[in-house]
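Report on the structure
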Amino acid sequence: MLVKRDGASAEDGSALMAVIGVMGVMIVITLTLTAATLNALDFTESTRASVQSVAAAESGVSAARLSLTQGICRASYSRSSPQFTAEMAYSLSSTDNVWVAGCPAAGVAAVRLRVESTGSSLTASASDKTRVEAIFEYESAVPPGVQPSGAAMYLYGGVVFMNNADLLVAESGRAAIQVKNGNVSCSNNTVIEGDVVVSAGSLNIGGCSIEGNAWATGAATLGAVTGNLTAASVNLTAAQQASRIGGVYTRYTVGTPIPTVPPWVDLNYTPSDWIDASGVPYKVASIGAGCTIDAQTLSAAANGGKPVIINALAACSSGVTAVGTVKLSSDVVIFANRFTFVNNVHFQSSSTSRHKVWFITPDRVADHLPTCGASQGDFLMKNSFTVAPTLDAMTYTPCRFNAMNSFEWRGQLYANGANDFKNNTRFESAPLGLPGIDLDTGTVTGNGSAGAVSRLGNMTSMRDLSDG
């Protein structure tokens, strides 16, 4: 039985229930606020860690960039505060995704650098790390000295090979004999050991063979081609083609891909362009009154084994000649209006050390065309001329190159063309190049052969790899 206490009313129980309800609501609110506060604190800590790791990763990119801007490349960069590790890689292509770990070595033509940087928050937790990738344009360092480039033979206006010519011009990755605007003709047991490209002309090798591939925008008359042939037409029956082409014949039409023959490069007399591999400018010397390259001339020009330029342009209006055996004690560049080497002329090194010699008739008209001036003339070799195995030689002339009656050459040829290349001749490829010129593309790189330091270009992309 319910007993009612004295002084109590029914409203007292209702008030108690209300108080208990309010207390319950307060407890729920308190717990909710506490949970929200704890979650907010946890979120703040996570956000702070994320920001710290991103900043650390980007600091790694900045540290690498600063070092590269100063010309210093390291395989990796690291720091403890902010904590990051950045790894370097380079690419030889501007488009593909092939990367080589580390920094490019001297002479490696890298065109892009990649920095992959991993940054950590102050907690150094494995879950609090960010990895970013930054890619930069890059120009590789070019060491001083004349850099080899170009084909074994570049003959702008065509060439005629005759009578037992042996041309050892095989090269990797490019046509060894390049003709820009003329024909190639050879006969009487001439052998060309290398690829030949005629960008605007015909190929007539009826009496010789090409041990390699051949391209011509005009007609081809064979001989034999051991590799593939591309030409506008072949002056043979189908059966003859099958026996004289070792590979595949492709009919050339406009748009058929063939190797590019670069434009003519104009080279004038600029002695300051010539710098040796040690960064030392070539010494300029004059030639004697007789305009003859001989022991006396070289003795007067001697530079203690360092390279020399012999300037015969003003003193020898009719060009220079040479007699007997000419021994070089250093690299030598000879500038002359023409060269006439006849009757048993022999160039060689004075020791077992290998040296280089350039015979240059300058092109004074900058129009990307060979211009043989009124005071200039052809390069002539006749009746036994040799370049010894310890010497590499290059001829540059906007006039014609004429060589006949037993000569042996090791080096490079860059000429308007060759009227005569005949009678027991032997040519072996050895790259020399010209200062400040890329003969592979026909472009002038500038700064002569002084070289250039590596240079970091623009950043082309930056992305977060943390989720990748």
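Calculation notes
- Residues numbered from 1 in each chain as written.
- Predicted model: local features only at pLDDT ≥ 70, side-chain atom pairs only at ≥ 80, totals over all residues.
- Heavy atoms only, no water.
- Helix = DSSP H or I, 4+ residues; strand = E, 2+ residues; numbered from the N terminus.
- Buried < 20%, exposed > 50% of the residue type's maximum accessible area, 1.4 Å probe, protein only.
- Contact = heavy atoms within 4.5 Å.
- Polar contact = N/O pair within 3.5 Å; in protein donor to acceptor, adjacent residues only side chain to side chain.
- Salt bridge = Lys/Arg side-chain N within 4 Å of Asp/Glu carboxyl O.
- Pairing = 2+ DSSP bridges.
- 1 Å grid on protein atoms, 1.4 Å probe; cavity = no way out; pocket = protein on both sides within 12 Å on 5 of 7 lines; lining within 4 Å.
- Points joined across faces, edges and corners; volume = space filled by probe spheres on them.
- Nonpolar A, V, L, I, M, F, W, Y, C, P; charged D, E, K, R; others polar.

Bringing unusual backbone geometry into the picture now. Cis peptide bonds are those with omega within 30 degrees of zero, and the linkage from serine 81 to proline 82 qualifies with -10°. The residue proline 82 is located in the loop between strand 1 (76-80) and strand 2 (83-91) in this model. The backbone phi angle of asparagine 343 is positive, close to 65°, even though this residue is not glycine. Tracing the backbone through its elements, the reader meets asparagine 343 in the loop between strand 25 (339-342) and strand 26 (345-349). Its relative accessible area of 47% is what places asparagine 343 among the partly exposed residues. Phi at serine 384 is positive, roughly 75°, even though this residue is not glycine. Along the chain, serine 384 turns up in the loop between strand 28 (379-382) and strand 29 (385-387).

Below, the discussion takes up the environment of leucine 413. As for its placement among the helices and strands, leucine 413 is situated in strand 31 (residues 407-422). With 258 residues separating them along the chain, leucine 413 and leucine 155 place their C-alpha atoms 7.8 Å apart. Those residues in contact with leucine 413 that lie beyond four places of it in its chain are Ala152, Met153, Tyr154, Leu155, Thr395, Phe401, Phe421 and Phe427.

Following the sequence through the fold, asparagine 337 ends up in the loop between strand 24 (332-335) and strand 25. There is a polar contact of 3.2 Å between the side chain of asparagine 337 and the backbone oxygen of leucine 313. A polar contact is formed between the side chain of asparagine 337 and the backbone oxygen of cysteine 316, at a distance of 3.4 Å. Those residues in contact with asparagine 337 that lie beyond four places of it in its chain are Leu313, Cys316, Ser317, Gly319, Thr361, Arg364, Ser375, Gln376 and Gly377.

Here we come to the pattern of salt bridges. A full pass over the atoms with the stated rule returns nine salt bridges. In this structure, the salt-bridge partner of glutamate 116 is arginine 131, at a minimum N-O distance of 3.4 Å. You can see glutamate 116 sitting in strand 4 (residues 112-120) and its partner arginine 131 sitting in strand 5 (residues 129-139), a full 15 residues away along the chain. In this structure, arginine 455 engages glutamate 139 in a salt bridge whose closest nitrogen and oxygen atoms are separated by 2.9 Å. Residue arginine 455 is found in strand 35 (residues 455-464), and its partner glutamate 139 is found in strand 5; the two are separated by 316 residues along the sequence. Judged by relative accessible area, which is 45%, arginine 455 ranks as partly exposed. Look at the salt bridges and you will find they share partners, linking Arg354, Asp392, Arg410, Arg426 and Glu428 into a network.

Right, let's talk about the pairing of strand 27 (residues 355-360) for a bit. Within strand 27, five of the six residues are buried, which leaves it mostly tucked inside the rest of the structure. Pairing geometry for strand 24 and strand 27, over four bridges, is parallel. Looking at strand 27, one finds that valine 333 is bridged to tryptophan 358. Pairing of strand 27 with strand 30 (residues 391-404), which is carried by six bridges, proceeds in the parallel orientation. Bridging across to strand 30, histidine 355 finds its partner in leucine 391.

As enumerated under the stated definition, the model contains two cavities of 30 Å³ or more in all. In this structure, the largest cavity occupies an estimated 70 Å³ of space. Looking at the largest cavity, the residues that line it are Leu298, Ala301, Ala302, Asn303, Val308, Lys327, Leu328, Ser329, Ser330 and Val332. Every element with two or more residues in the lining of the largest cavity is listed here: helix 3 (295-301) and strand 23 (325-328). Of the residues assigned to the lining of the largest cavity, the class counts are six nonpolar, three polar and one charged. In this structure, the second largest cavity occupies an estimated 50 Å³ of space. Every residue lining the second largest cavity is listed: Gly150, Ala151, Tyr154, Gln178, Pro262, Gln412, Leu413, Tyr414 and Leu439. Here the element with the most residues in the lining of the second largest cavity is strand 31; it accounts for three residues. Here the lining of the second largest cavity is built from residues that sort into six nonpolar, three polar and no charged.

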